[in-house]
Amino acid sequence: MSTATVDKPIITAAHIPTNAAATSAPVRSPNSTTPKTKTILLGFDLGTNKSCVLAGAAGTADITVSKVVPSVVGYVKDGIVDGIVAGNRTILFGDDALTNMLHVKLVAPLQQGVIQHPDAARDFLKHIRSLADPSGQAEIRAVVGMPANADEKARDDIRRCAYGIFDRILLIPEPFLAALGYRDDSRVGQSGYIDPVVNALFIDIGGGTSDLCLVQGYFPTREDQISIPFAGDAIDGLLSDELDRIYPNNGLSRIKVREIKEAHGYVGPSRKPLEVKVIMGGKARSLELGDVLAQSGNALIDKIYPALTTLIQRASSDSVVTLLQNIIVTGGGSQIRGIDTLLQKKLTDDGYETPKVRLAGQDYKRYVALGALKAARAARENQWQVLLG
Amino acid sequence: MSPEILSSPTVEYSPVGEVRRIIRRICLLRAVGRAPEAARLELNELASASVHLPGLGGESVEAIFSEEMSRVTDASLVAELMAPLLAQSLGPLLRTSNVGSTAPPIATRTPSAAPPANGSPPSIADFIDGMLAQERPA
Ligand SMILES: Nc1ncnc2c1ncn2[C@@H]1O[C@H](COP(=O)(O)OP(=O)(O)O)[C@@H](O)[C@H]1O
C-alpha cells in the first residue's frame, strides 16, 4: 500500500462553543500553507460496495460532479509490463480497478460500512477529492454519510483518513441523508405532499446492514433507528449455501451468486417454476431456483418486518397515520422484486391503517450523497468540523 | 421567526449554558406551535444534559424555564410589533426587486437551505444542531 496511516489529533469545531471558531481561523491543511480561494462542497456516500459523490462550488446551487464509483482500490502488481495498464498508473479506482482485476491487487477499503483498510481508504478519498477538484487548489468541505449504528471509533477512523484530504468534514447518519436527498424541495409545503423529513420511515437495505429509521421533523435519536446485520450479502450467503446443498460442486462464485440474486431475486410466495441458466464447469445448465430464491429473499423480510413494526409503534399517535403513508424502501436491496408489495400487505394484514410502502426508485444510489450535499450547503460555519494536524 | 435566531451560540460553553440553550429552544419551539418537537427535545437532550450537572450552579431547571419563556415571549412581542412596520417599509422594495431585474438574488442560500415558513420543519442547519447536540459528550 502506498500511504502511511495517519494518526493525528483532531479538533472539531462542533465542540468549540462559538461560531467564531471556524469562521475566523484560517483552514490549516497539511497539504499547503497558502490560503485557498475557492471552496467546493462535497456530498459523499462512502458505501461498502459503491460510493457516490456529488460536488459543487460553495455559494451556488450547481452540481458539477456526480459520480457513482465502486468502493475498490486496485494496486498494480509488480512485474506488469508497460502499456498493460493505461497510463502506466500504479493505483486504479472503481471500475478501472475492476476492469484490470487480473493485474491489480484489489482492496475494498470498507466492510459493513466501516473502514477496514485505512491506507486504501485514504487513497480512495484522494481519488474522490481529485474528481471534485482536479486542480487540487480548492478548500474541500465534505458531508460524509455514516451507517446509523456507527460508533465513535468508526467515526474517528473516517476523520483520520480524511485528514489532509478534506479540509472540513461533517459526519451525518445515512438514513437522515437519504430522507433529505429523497425530499422534493420544490414540493415542500404543498398540500398533499408529505415531506419525508417531517414524517417518514426509511428502510435502507445495503450490502452488510439493513437500517430502519424514523424521520419525524427532528434529528433521529438512537431510539428512532434500528440496524440489522442482515442485508444483501447475507441473502447471497443463504443462496450460496442452498445452491451448494442442492447442486454440490457447482463452482459458482459469490459474485455469480450475487448476479443471480440481482437478476432473479424476489420475496413473497414461491414463483416456481423459475429456471435460471448458469455455466457450470464450462457447460450451460438450467437450474430450478424458484424455491431457493424465495427462501433467501423472505429471510430478509423475516428480519426487517419486526423492526418495521417496532419503529411504527414508537411513533406518536398524532403522527402515525401519516407516517404509514410514507414508508420508503431504499438501498440496493430495494431492487428485490416484490419487497414493497409484501411489506405493505403484511402491514395491512396486521391491521395497520392504510399503509403505503414505496420504493425510492432507480436513483436510490444518489439520495444519500444528494442529502449530504444539501446538508453541506445548509451547514452553519460553526457546525463544520475542522481537521487539524 | 426562525429558531436559528435564538439558538446561535452566543453564551460561553458551560454545562449550565448548554442546559439554558436547550431550554431556550424548547420555549421557542413551543411558541411557534411545534410542541411535539419541544417535547422530544425535553425528553432526550434536556434530560441527558441536565442529569450530569452537579447542581446547575444554583439555578433550577424551572427557574431557567421561566426566564427563557419570558425572553421568548418578549421576543415574540417585539416581532409582532415590528412585522407590520417592516412590511410597510420593505414592501415596495420587495415588490420591485424581481421585475426586470438582473441583479443577483439577495439570498445566497440554495432552496434547500431556505429558512422554513411558519409551521414547516426546522431548517437543515437546525437538524444538524440536533445531531451535534446528541453527539456532544455530557
Ligand atoms: N436488482 C437487485 N436485486 C437484489 N439485490 C440487489 C439488486 N441490486 C443491488 N442489490 C444488492 O444491494 C446490495 C448493495 O446495496 P447498496 O445500497 O449499494 O449497499 P451499500 O450502501 O452497503 O454499499 C448488494 O447486496 C446488492 O447485491
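Whatever comes next refers back to the structure up there.
Everything quoted here is computed from the prediction, not taken from an experiment.

Caption draft 1: Looking closely at helix α5 (residues 124-135) of chain B. All names here are of chain B. With twelve residues, α5 extends 17 Å between its outermost C-alpha atoms, agreeing within 8% with the 16 Å of an ideal straight helix rising 1.5 Å per residue. Counted residue by residue, α5 has ten buried out of twelve residues, so it is predominantly covered. Of the positions making up α5, those classed as buried are Ile124, Ala125, Asp126, Phe127, Ile128, Asp129, Gly130, Met131, Leu132 and Ala133.

Caption draft 2: Spatial organisation of the state of the cysteines. Within the structure shown, the criterion is met by zero disulfides over all chains. Considering cysteine sulfurs only, Cys52(A) is the nearest to Cys213(A), which forms no disulfide, with 20 Å between them.

Caption draft 3: Structural detail: empty space enclosed by the protein. All names here are of chain A. Considering all chains together, one arrives at three cavities of 30 Å³ or more under this definition. Of the voids in this model, the largest cavity is the one considered here, and its volume is about 40 Å³. Lining the largest cavity, in full, are Ile235, Leu239, Lys261, Gly265, Tyr266, Leu293, Ser296, Gly297 and Ile336. Where the lining of the largest cavity is concerned, the elements lending two or more residues are α6 (232-246) and α8 (290-314).

Caption draft 4: Quick look at the sheet that holds strand β10 (residues 168-173) of chain A. All names here are of chain A. The six strands are arranged β3-β2-β1-β9-β10-β18 in an open sheet whose pairing can be described as mixed. Edge positions in the open sheet fall to β3 (65-70) and β18 (385-386), since each of these has one partner strand only. Contacting β9 (139-146), β10 and β18, helix α4 (residues 152-162) crosses the sheet at an angle of about 150° to β10. Contacts from helix α11 (residues 364-378) reach β1 (39-45), β2 (50-57), β3, β9 and β10 within the one sheet, and its direction differs from that of β1 by about 145°.

Caption draft 5: Focus on the sheet that holds strand β17 (residues 357-359) of chain A. Residues and elements named next belong to chain A. One open sheet accounts for five strands, arranged β13-β12-β11-β16-β17; its pairing is mixed. A single partner strand is all that each edge strand has here, and the edge strands are β13 (225-228) and β17. Between one strand axis and the next, the sheet turns by 20° as a mean value, whatever way the strands run. Bridge count between strand β12 (residues 210-215) and β13: four bridges; the pairing is antiparallel. By the bridge assignment for β13, Cys213 is matched with Gln225.

Caption draft 6: Looking closely at the pairing of β2(A). All names here are of chain A. In terms of burial, β2 is largely enclosed, as six of its eight residues are buried. As judged from the six bridges shared by β1 and β2, these two strands associate in the antiparallel manner. Pairing of Asp45 across the sheet is with Cys52, part of β2. Counted along the chain from β1 to the antiparallel partner β2, the turn is four residues long. Where β2 meets β3, six bridges bridge the pair, whose relative direction is antiparallel. Paired with Leu54 across the bridge in β3 is Ser66.

Caption draft 7: Just the site of the ligand, in detail. Residue and element names in this part refer to chain A. Near the ligand there are 17 residues, and of these Asn49, Gly207, Lys261, Glu262 and Gly332 occur at the shortest range. Backbone polar atom of Gly207 to an oxygen atom of the ligand: 3.0 Å apart, as the coordinates give it. At 2.9 Å from an oxygen atom of the ligand is found a main-chain nitrogen or oxygen belonging to Gly332. Protein contact buries 85% of the 590 Å² of open area that the ligand shows by itself. Every element with two or more residues in the shell around the ligand is listed here: α6 and α7 (254-264). For the shell around the ligand, the element with the most residues is α7, which contributes three residues. Split by residue class, the shell around the ligand holds two nonpolar, ten polar and five charged.

Criteria and thresholds
Residues numbered from 1 in each chain as written. Chains lettered and ligands numbered in written order. Predicted model: local features only at pLDDT ≥ 70, side-chain atom pairs only at ≥ 80, totals over all residues. Heavy atoms only, no water. Helix = DSSP H or I, 4+ residues; strand = E, 2+ residues; numbered from the N terminus. Expected span 1.5 Å × (residues − 1). Buried < 20%, exposed > 50% of the residue type's maximum accessible area, 1.4 Å probe, protein only. Disulfide = S-S within 2.5 Å. 1 Å grid on protein atoms, 1.4 Å probe; cavity = no way out; pocket = protein on both sides within 12 Å on 5 of 7 lines; lining within 4 Å. Points joined across faces, edges and corners; volume = space filled by probe spheres on them. Pairing = 2+ DSSP bridges. Contact = heavy atoms within 4.5 Å. Axes fitted to C-alpha atoms, helices over the stretch in contact; angles between N-to-C directions. Near = heavy atom within 4 Å. Polar contact = N/O pair within 3.5 Å; in protein donor to acceptor, adjacent residues only side chain to side chain. Areas by Shrake-Rupley, 256 points an atom, 1.4 Å probe, with all protein chains shown as cover. Nonpolar A, V, L, I, M, F, W, Y, C, P; charged D, E, K, R; others polar.

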